[in-house]
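# Examining the three-dimensional arrangement
Chain by chain, the residues run as shown.
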Amino acid sequence: MNDQIKQIAERLRGLRDVLELTSEDIARDCDISAEEYRLAETGDYDISVSMLQKIARTYNIALDALMFGEEPKMSSYFVTRAGKGTSIERTRAYKYQSLAAGFMNRTADPFIVTVEPKGDDEPIHYNHHNGQEFNLVLEGRMLINIEGKEIILNQGDSIYFNSKLPHGMKALDGKTVRFLAVIM
């Protein structure tokens with residue numbers, strides 16, 4: 001795993017230490033498996049944004065503090081210039097660029113997500129999280145699978161869905177896909 005994932009793992013361990021909680025406490029409070037949380041703290045595991053969001057919301061801390069190690073400071077507005085959003089590459093296949101990293105107490109987390117193409121035989125990685133999600137394809141074509149239902153989205157297409165349902169996406173046509181994801 002890359003250095004960014006290892007830094008997130010360190011921040012998770014630090015949060016747990018400060019709150020004087022066990023791994024099991026966090027797993028129970030955030031409705032995630034204890035094993036998944038323990039793996040996240042190792043830095044050798046692909047930590048999902050949805051897991052980080054659950055932890056941030058449960059303990060009333062900024063998602064940015066876990067993802068980027070920075071607290072948001074703005075409360076009236078926050079501008080993100082083109083291509084300048086704080087980014088994290090969770091794996092070689094996914095890159096998240098936060099569009100509101102500096103805004104405090106957000107009720108939604110908007111990202112530009114870049115998905116690199118994978119082989120047809122590689123499985124889709126699924127996740128689920130509380131709330132809802134909106135995706136708008138900016139570039140390319142992608143397959144999104146929501147609880148077994150496969151939907152093809154082309155450039156300009158969007159989808160709004162219950163993110164508690166298992167969902168995952170895959171770039172199509174051997175080309176990179178970029179989409180706006182708003183997690184609420």
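What you are looking at is a predicted structure, and each value in this text was computed from that prediction instead of being measured. (Residues numbered from 1 in each chain as written. Predicted model: local features only at pLDDT ≥ 70, side-chain atom pairs only at ≥ 80, totals over all residues. Heavy atoms only, no water.)

Now for the UniProt feature "domain: HTH cro/C1-type" (unreviewed entry) in the protein. On the UniProt side, "domain: HTH cro/C1-type" (unreviewed entry) is annotated at positions that read residues 12-66 here. The span residues 12-66 is 71% helix and 0% strand, and its two end C-alpha atoms sit 7 Å from each other. (UniProt positions renumbered as here; feature names shortened; annotations may be inferred. Helix = DSSP H or I, 4+ residues; strand = E, 2+ residues; numbered from the N terminus.)

Moving on: the environment of Asp31. Assignment of secondary structure puts Asp31 in the loop between α2 (23-30) and α3 (34-42). The sequence separation of Asp31 and Asn2 amounts to 29 residues, and the corresponding C-alpha distance is 26 Å.

To continue, consider helix α1 (residues 3-19). Over its 17 residues, α1 runs 24 Å from end to end, which matches the ideal 24 Å to within 8%, given 1.5 Å per residue. Regarding α1, the residues found buried are Ile5, Ile8, Ala9, Leu12, Leu15 and Arg16. Angular distribution of buried residues about the axis of α1 spans 120 degrees; they occupy a single face of the element. In α1, the exposed residues that point more than 90 degrees away from the buried face are Asp3, Asp17 and Val18. One or two positions beyond α1, positive phi appears at Glu20, with a value near 55 degrees. (Expected span 1.5 Å × (residues − 1). Buried < 20%, exposed > 50% of the residue type's maximum accessible area, 1.4 Å probe, protein only. Arc of directions from axis to C-beta.)

To continue, consider unusual backbone geometry. Positive phi values are uncommon outside glycine, yet Asp31 reaches one of about 55 degrees. Positive phi is not limited to glycine here, since Glu147 has a value of about 50 degrees. Mapping Glu147 onto the fold places it in the loop between β5 (142-146) and β6 (149-153).

This part covers the domain arrangement of the protein. The domains assigned to the protein are domain 1 (1-66) and domain 2 (84-181). On a C-alpha basis, the centroid separation for the pair domain 1 and domain 2 is 21 Å. Every contact between the two is made by 15 residues of domain 1 and, on the other side, 17 residues of domain 2. Taking both sides of the interface into account, the surface hidden between domain 1 and domain 2 amounts to around 1,300 Å²; carbon and sulfur atoms contribute 48%. Of all residues in domain 1, the largest losses of buried area upon contact with domain 2 belong to Asp46, Val49 and Asp64, amounting jointly to 34% of the total for that side. Counting across the domain 1 and domain 2 interface gives one salt bridge. One salt bridge connects Asp64 with Arg106, and the closest N-O pair in it is separated by 2.7 Å. Secondary-structure elements contributing two or more residues to the side of domain 1 that touches domain 2 are α1, α4 (49-58) and α5 (63-67). Of the residues contributing to the side of domain 1 that touches domain 2, the split by class is six nonpolar, five polar and four charged. (Domains from an automatic or database assignment. Contact = heavy atoms within 4.5 Å. Buried area = accessible area lost by both parts, 1.4 Å probe. Salt bridge = Lys/Arg side-chain N within 4 Å of Asp/Glu carboxyl O. Nonpolar A, V, L, I, M, F, W, Y, C, P; charged D, E, K, R; others polar.)

Let's shift gears to the pattern of salt bridges. Enumeration over the complete set of coordinates arrives at ten salt bridges. For Glu41, the salt bridge identified is with Arg16, shortest N-O distance 2.6 Å. With Glu41 in helix α3 and Arg16 in helix α1, the pair connects residues that are 25 residues apart, well separated along the chain. This pair shows no difference in class: Glu41 is buried, exactly as Arg16 is. Arg178 is paired through a salt bridge with Glu139; the nearest N and O atoms lie 3.5 Å apart. Here Glu139 lies in strand β4 (residues 132-139) and Arg178 lies in strand β9 (residues 177-183), a separation of 39 residues in the sequence.

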